[in-house]
Structures are given as structure tokens and as C-alpha cells.
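# An overview of the molecular structure
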Amino acid sequence: MSLVARHLEANGIATVILGSARDIVEHCGVPRFVFTDFPLGNPCGKPYDVAMQRRIVAMGLALLESARAPRTTVQTPFVWSDDEAWRDAFMQSESAGATPPRA
Amino acid sequence: MRNGRGVDPTRRTFVSYIDKSREFYLTRGYDNPYRWAHFAEVPFVRLPRPLSAAVVTLVTTAMPEPDTVADTHELHTVYSMPSDRPPTRLSTHGLFWDRQATHTDDLDSYFPVHRLQECVADGRIGRLAARLHGVPTEYSQRATSERDAPEILRRCREDGADAALLVPL
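Residues numbered from 1 in each chain as written. Chains lettered and ligands numbered in written order. Predicted model: local features only at pLDDT ≥ 70, side-chain atom pairs only at ≥ 80, totals over all residues. Heavy atoms only, no water.

On to the pattern of salt bridges, then. Note on pairing: side chains with opposite charge can pair once their charged atoms come close. Per the stated rule, a full pass over the model turns up 21 salt bridges over all chains. As a salt-bridge pair, A:Arg22 and A:Glu26 come within 3.3 Å of each other at their nearest N and O atoms. Remark: A:Glu26 and A:Arg22 occur in helix α2 (residues 22-28); sequence separation between them is 4 residues, near one turn of the helix. Among the salt bridges present, the one from B:Glu118 reaches A:Arg54, with a minimum N-O distance of 2.8 Å. In this pair, B:Glu118 is assigned in helix α2 (residues 113-122) and A:Arg54 in helix α3 (residues 50-66), connecting two distinct chains. Members of the salt-bridge network, linked through shared partners, are B:Arg131, B:Glu151, B:Arg154, B:Arg155, B:Glu158 and B:Asp159. (Salt bridge = Lys/Arg side-chain N within 4 Å of Asp/Glu carboxyl O. Helix = DSSP H or I, 4+ residues; strand = E, 2+ residues; numbered from the N terminus.)

See below:
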């Protein structure tokens, strides 16, 4: 997806990525990135949490207006849970899915 | 050592999926790790008009539900959806996300079309582009760069899009 953002931007369309795989997106290099530090799957907010989803989308729209240089990352203030075990548990078993995310 | 929110202050907070995927394959006998895209230069343009007058589209890595397409080939190509009749569900099957920690039953948690419609109603953005888009997740960076990204661009231009929100799962 980062490659798509780069291509659109290079051809005059302003882009912002909303995502949770910070290292992959920043490794590639994109114009604007709103990072939410959640398990992969809900980069626009927790399921059915409309208020959180509104805030994350609003941060994306604000970044479209406010960024003044490429590689601008902002991080949303949301925390997935007090239990951080998901960080270490992911990819410890085949059930997590075996297809890594792509650039 | 953990602080009040459970974060280990001796480690970076965010997960490195590059490290995790490399180690995942190395421990399974694959010694040729995926080579992630990396660029020194990054393009950048300003919005051509105020957001309140801009045409905005949305791009996802999710795919159509198999029972909604006539040809399964459509599950592996760039596809588009009318923004005035968005899908009620998309398929995240086969994509890389954390099935143990969460679910993708709520479309707006990864494809926030209803949140964007609210932004149009509020006057925050001008309007949605006629079409929203999906791009397949490809192992081949060349396929994404030379086939899919230009196709997304072509469709965005046809619809007069000024800006795009892109959401990888």
C-alpha cells in the first residue's frame, strides 16, 4: 500500500496512510502516515467504537492539510489494552496467518 | 519492568513486523527473507484546494467477498466500489492481521467509509470520489508498482480525486 501512496503522490494526488505496521510503512517512506499502535486489523479504530474511528479519520484529514514535508508521521493517542501480551504473541503460531504484509 | 499501562519501557513500544516476519520464516527453514521496499526519496504534494472543497477517495487492501464477484479473478486485481453504495462487508481472509487479538467484523475499523460520509455531511470534505478502491496484496513489489498503482491512479484521475486515504490491514 505504501507503494501505491508514493505513486499517487508522485502524480499529484495527496495521500495519507492510516496504519498499524509502523516499521513497514516508514521503512518504505510515504508522504503522510497516521499511526495507531494496535494489533494489525483495526487501523481506523476499535470495532464499533465510532467515536474513536471519527477521531482517527479526523487526524488523517488534518494531516492532509497540515503536513509540510514527506515522511510526516503522527501517532494517535489510543492504547489497545492494559495487557500488552498481543505484541509478543503475534506470529508465535501459524494461526496468526503466514502472509507477511507487503510494502 | 513495566509502567502503569503495561508497556515495557526497556523496549520500543511498536511491534517490528519486519523483524517478526523475518524470524518467523527463518525458524521455519526459509533463509531468504522478504526484502521490504525502501526508498531514500519520498514524493510530496500539497492539497490543491481546501479540504472542504476536495474530492477524497479511500483505498483498502481488503478484497470483495467471494460471493459478491462474478469472476474469482476479481479477487486478485484492482477493483472499485461505488461510494454512494459502499459494501456492507469486505473479505480480510488471507491477509496479514492479528486474528488472536481482534476481528474485522466492523467494516469501519479498517475501511472507514461511513466515517468519511459523516465528514462530507459535516462539510469537512467536499465530497467522496465516485469510486473507492481495493488493491491486492502482492508479494511482487514490481506488480504493485507497475501494474496496480498506475491502475489506481488512472481511476482516481477519472473520478477527479484530489486526495486519498489508504488503509492497509
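Let us keep going from here.
Under the defined criterion, the tally for this structure stands at 10 aromatic pairs over all chains. Relative to B:Phe96, the ring of A:Phe90 has its centre 5.1 Å away and its plane inclined at 70°; by these criteria the two rings are edge-to-face. Highlighted residues: A:Phe90 in the segment after α4 (85-89) and B:Phe96 in the loop between β2 (79-82) and α2, drawn from two different chains. No difference in accessibility class separates A:Phe90 from B:Phe96, as the two residues are buried. (Phe/Tyr/Trp six-rings, centres within 6.5 Å; stacked < 30°, edge-to-face > 60°. Buried < 20%, exposed > 50% of the residue type's maximum accessible area, 1.4 Å probe, protein only.)

Let's shift gears to the nonpolar core. Grouped together as the largest cluster of nonpolar side chains are 53 residues, with contacts concentrated most on A:Leu61, A:Leu64, B:Tyr17, B:Phe111 and B:Leu165. Looking at which element gives the most residues to this core, the answer is α3(A), with 6 residues. Residue assignment places this core across two domains, with domain 1 (1-36) and domain 2 (48-167) of chain B each supplying three or more. Sequence-distant contacts of A:Leu61, that is, excluding residues within four places in its chain, are made with B:Leu51, B:Leu116, B:Cys119, B:Arg124, B:Ile125 and B:Leu165. A:Leu8, A:Val25, A:Phe33 and B:Leu166 belong to the second largest nonpolar core, which has 22 residues in total. (Core = buried A, V, L, I, M, F, W, Y, C linked by side-chain atoms within 4.5 Å. Domains from an automatic or database assignment. Contact = heavy atoms within 4.5 Å.)

Glycine aside, a negative phi is what most residues show, and trans is what most peptide bonds show. All names here are of chain A. Even without glycine at this site, Tyr 48 takes up a positive phi of about 70°. Within the secondary structure layout, Tyr 48 lies in the loop between β2 (32-35) and α3. For Tyr 48, a relative accessible area of 56% translates into the label exposed. Despite not being glycine, Met 91 has its phi angle at roughly 70°, a positive value.

All names here are of chain B. Per the domain assignment, the segments of chain B are domain 1 (1-36) and domain 2 (48-167). Of note, the centres of domain 1 and domain 2, computed from C-alpha atoms alone, are 28 Å apart. Between domain 1 and domain 2, the residue contacts involve 4 residues of the former and 4 residues of the latter. Here domain 1 and domain 2 share an interface that buries about 330 Å² over both sides, 52% of which is from carbon and sulfur atoms. (Buried area = accessible area lost by both parts, 1.4 Å probe.)

All names here are of chain A. Because side chains alternate across β2, one face comprises the buried residues Arg 32 and Val 34, and the other comprises Phe 33 and Phe 35, equally buried. Relative to β2, strand β1 (residues 14-19) is paired through 3 bridges, and the arrangement is parallel. Paired with Leu 18 across the two strands is Val 34, which belongs to β2. In this view, the connection linking β1 to its parallel neighbour β2 by way of α2 has right-handed handedness. In this sheet, strand β3 (residues 72-75) lies alongside β2 in parallel orientation, the contact comprising 4 bridges. The residue of β3 that forms the bridge with Phe 33 is Thr 73. Crossover β2 to β3 through α3 is left-handed. (Pairing = 2+ DSSP bridges. Right-handed = clockwise from strand over helix to strand, strands pointing away.)

This paragraph deals with the pairing of strand β1 (residues 55-60) of chain B. Residues and elements named next belong to chain B. Within β1, 6 of the 6 residues are buried, leaving the element largely enclosed by the surrounding structure. Both β1 and strand β3 (residues 127-128) contribute to a ladder of 2 bridges, which runs parallel. Residue pairing in the sheet places Val 55 in a bridge with Arg 127 of β3. Relative to strand β5 (residues 163-167), β1 runs parallel, the two sharing 5 bridges. Pairing of Thr 60 across the sheet is with Val 167, part of β5. As judged from the 2 bridges shared by β1 and strand β4 (residues 131-134), these two strands associate in the parallel manner. Bridge pairing in β4 links Thr 60 to Gly 134.

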